[in-house]
Amino acid sequence: MRRPMSLTLRVALLLSAVSVASFLAVGAYLYATLQRQMAHRDDVELIAKVDQIRHILSELPSLASVAQDSKPLTDTLFGHNDFMLKVNAADGKALVQTSITSRPLPHVDSVPAGRPLTIEDIHDWQPAAGIGRMVRAAATVGGGDAVQVTLARERSDRLKLLRAYAVDLLMALCGGALLATLLGYAVVRHSMRRLRSVIAKANDISTSRMNTRLSMHDAPVELREMGEAFNAMLNRLEDGVQRLSGFAADLAHDMRTPLNTLMLETQVALSNTRSVEEYQLLLASNLEEYERLARMIDNTLFLARVDNAQLAVQRESLDLQVELQRIHDYFEMLAEDVDVHLSVDAPPLRADVDPMLLQRAVSNVLSNAIRHTPAGGTVRVSARALDDGIELAVSNTGPGIAPEHLPHIFDRYYRADPARTAGAGLGLSIVRAIMALHGGDITVDSQPGVQTTFFMRFKKI
Ligand SMILES: Nc1ncnc2c1ncn2[C@@H]1O[C@H](COP(=O)(O)OP(=O)(O)OP(=O)(O)O)[C@@H](O)[C@H]1O
Ligand SMILES: [Mg+2]
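Remember, it's a predicted structure, so these values are computed and weren't measured experimentally.

### Some remarks on the site of ligand 1
- Neighbouring residues of ligand 1: 20 residues in total, closest Asn368, Ala416, Gly425, Leu426 and Leu428.
- Take Gly427: an N or O atom from its main chain is 3.1 Å from an oxygen atom of ligand 1.
- In the complex, the protein chains occlude 95% of the 590 Å² of accessible area that ligand 1 would expose alone.
- Of all the secondary-structure elements, those providing two or more residues to the shell around ligand 1 are α9 (355–371) and α10 (427–437).
- The element contributing the most residues to the shell around ligand 1 is α9, with three residues.
- Looking at the shell around ligand 1, its residues break down into nine nonpolar, eight polar and three charged.

Right, dumping it as structure tokens:
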């Protein structure tokens, strides 16, 4: 597989492409400007020369003197061997001709004598090499004779100059682009230093060293956003890892208690010969511990399946009255045993929920309620319809939950009074997970000493 190009190189190449494009644009502009200015200046010069020649002619006494002594006229072109001057008499006779061009000059209109020349009077012509400009103008010799002045100029040297200038520009452009690429590469590489330090930090993080965070206060905005996202991810990961290791530690700890009891009781029983009744008692007590262990493992597995999204909610249309009555019948004996009055009050309602999960959630809350209600107290289960689902409420009288525990009771393994409860502290976290699977939630309202109510909301799909 081809290795993708590094970001540094990519940005540097992009920079150089941008600089080549802008150098080209500037170069083209400079070239065009120079070309235009040179052409204009040349035309202005041509006009000035014709003006000068017209003036000299006006000072000469006669046509004959023009032909005899052409020096004052040719002197005007001294040092300019790209110029060519022709002065013809009215009958076409050549009075002055400086050099002969390889190609004939085109016939162009003559500017009348006395009218000053303008740029528009100058015409292109095509000498053998390159381009040229020319003008024809009538002039009057001092004696009153009319003559035709033709002044032409080859501009091939100009073309050469412009070409050399273009080559210079191109060379400068290449040099500039190279410099821009190198500088761009260096600058981008320098800017990427922060990124490399992020990578180094990221490499440094392991599950045992999760407290590393990127310091982003002096970083550029783009990197700061990335760093903040990275730090937030680390926070979540650290939280998850901590929960996971806490989860494992708690699980081990909670399994050890029933296991220790089992071992101890079995050891004591084995240390002597026992009667059949004693063995039966022991086995009955062991069974309770086994059940506790089994419940704990079952709960933990349930939460693990929820965590790994392996649990699918199988909604069915249920008659809530029937479901709640069934739960009531199941818990009635238990409540009676501890002298708690249990009542269920539900209107005829249907709900689309997973029957197993509903039963599990209500049972968890209900068993808590019965366990925390003092003898003579009441536990009440009720249901009502909401706009977007249903709400079940389980309330019980009794000491309730102190405000400092309220935010934590739905956490895994959290027990408000570990000494008094036999559970593992998983019941409510399972209820919360079940409610989340149904798109709903669970809340609690507790007035210590008066009444505690858990509200479970199941959302419609
Ligand atoms: N109705 C209630 N009245 C008073 N305290 C309650 C009530 N329901 C829950 N709690 C408190 O919330 C804690 C968490 O309850 P949760 O059901 O999660 O755990 P548990 O009942 O201790 O153990 P488990 O349900 O796993 O057997 C309980 O330990 C208890 O202190
Ligand atoms: Mg419980």
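Read on for the rest.
### Here we look at the side chain of Lys49
- With respect to the helices and strands, Lys49 occurs in helix α1 (residues 7–59).
- Lacking a salt bridge, the buried Lys49 has Glu45 as its closest oppositely charged neighbour, with an N-O distance of 4.7 Å.
- When near neighbours in sequence (up to four residues on either side) are disregarded, Lys49 contacts Thr76, Leu77, His80, Phe83 and Leu151.

### Description of the packing of helix α4 (residues 156–191) against helix α5 (residues 193–204)
- At a closest axis distance of 4 Å, the pairing of α4 and α5 adopts a crossing angle of 35°. Contact residues: α4 offers Arg189, His190 and Ser191, while α5 offers Arg193, Arg194 and Arg196.
- Looking at the contact of α4 with α5, its residues break down into no nonpolar, two polar and four charged.

### Side note on the packing of aromatic side chains
- What the rule picks out here adds up to two aromatic pairs.
- Each ring, one from Phe410 and one from Phe454, has its centre 6.2 Å from the other, and the planes form 85°; the classification is edge-to-face. Placement of Phe410 in the loop between β10 (389–397) and α10 and of Phe454 in strand β12 (residues 451–459) is noted, with a sequence separation of 44 residues between them. Across the pair, exposure class does not vary: Phe410 and Phe454 are buried alike.
- Taking the ring centre of Phe302 as reference, the NZ or CZ of Arg360 above it sits at 4.3 Å.

### Overview of the UniProt feature "domain: HAMP" (unreviewed entry) in the protein chain
- Per the UniProt record, "domain: HAMP" (unreviewed entry) is found at residues 189–242.
- Taken end to end, residues 189–242 is 69% helix and 0% strand, and its first and last C-alpha atoms sit 38 Å apart.

### Overview of the domain arrangement of the protein chain
- Once the domains are mapped, the protein chain shows domain 1 (7–162), domain 2 (221–305) and domain 3 (316–459).
- Computed from C-alpha atoms alone, the centre-to-centre distance between domain 1 and domain 2 is 104 Å.

### Some details on unusual backbone geometry
- Its identity as a non-glycine residue notwithstanding, Asp339 has a phi of 60°, on the positive side.
- The residue Asp339 is located in the loop between α8 (320–337) and β7 (341–345) in this model.
- Residues other than glycine seldom take positive phi values, yet Tyr413 does so here, at roughly 65°.
- Among the secondary structure elements, Tyr413 is positioned in the loop between β10 and α10.
- For Tyr413, a relative accessible area of 10% translates into the label buried.

The rules behind these values
- All residue numbers refer to positions counted from 1 along the written sequence of the respective chain.
- Each chain is given a letter, starting from A, and each ligand a number, starting from 1, according to the order in which they appear as written.
- Selection of residues for local features in this predicted model requires a pLDDT of at least 70, selection of side-chain atom pairs for listing and counting requires 80 or more, and totals for whole chains, interfaces and linings are taken over all residues.
- With hydrogens and water set aside, each side-chain value is computed from the structure's full complement of heavy atoms.
- Nearness of a residue to a molecule or strand requires only that one of the residue's heavy atoms be within 4 Å of it.
- A 3.5 Å cut-off defines polar contacts: any pair of N or O atoms within that distance qualifies, except that in protein one atom must be a possible hydrogen donor and the other a possible acceptor, and neighbouring residues in sequence count only when both atoms are side-chain atoms.
- Accessible areas in this description were obtained via Shrake-Rupley with a 1.4 Å probe; residue shielding takes into account the shown protein chains only.
- Secondary structure is summarised from DSSP: a helix means a run of H or I of at least four residues, a strand means a run of E of at least two, and numbering begins at the N terminus for each.
- Gly falls in the polar group here, along with every residue not listed as nonpolar (Ala, Val, Leu, Ile, Met, Phe, Trp, Tyr, Cys, Pro) or charged (Asp, Glu, Lys, Arg).
- A 1.4 Å probe rolled over the protein chains alone gives each residue an accessible area, and that area as a share of the maximum for its type sets the label: buried under 20%, exposed over 50%, partly exposed in between.
- In this tally Asp and Glu are treated as negative and Lys and Arg as positive; neither His nor the chain ends contributes.
- Definition used for salt bridges: Asp or Glu carboxyl oxygen within 4 Å of a side-chain nitrogen of Lys or Arg.
- Any two residues having at least one pair of non-hydrogen atoms within 4.5 Å are treated as being in contact.
- Between the N-to-C directions of two axes lies an angle of 0 to 180 degrees, each axis being a line fitted to C-alpha atoms and, for a helix, fitted only over the stretch in contact.
- The aromatic pairing rule takes the rings of Phe, Tyr and Trp, using the six-membered ring of Trp, and pairs them if the centres are within 6.5 Å, calling planes under 30 degrees apart stacked, those over 60 edge-to-face and the rest tilted.
- Geometrically, a lysine NZ or arginine CZ counts as sitting over a ring once it is within 6 Å of the ring centre and also within 35 degrees of the ring normal.
- UniProt positions are given in the numbering used here, feature names are shortened, and annotations may be inferred rather than shown by experiment.
- Annotation comment: domain bounds sourced from an automatic or database domain assignment.

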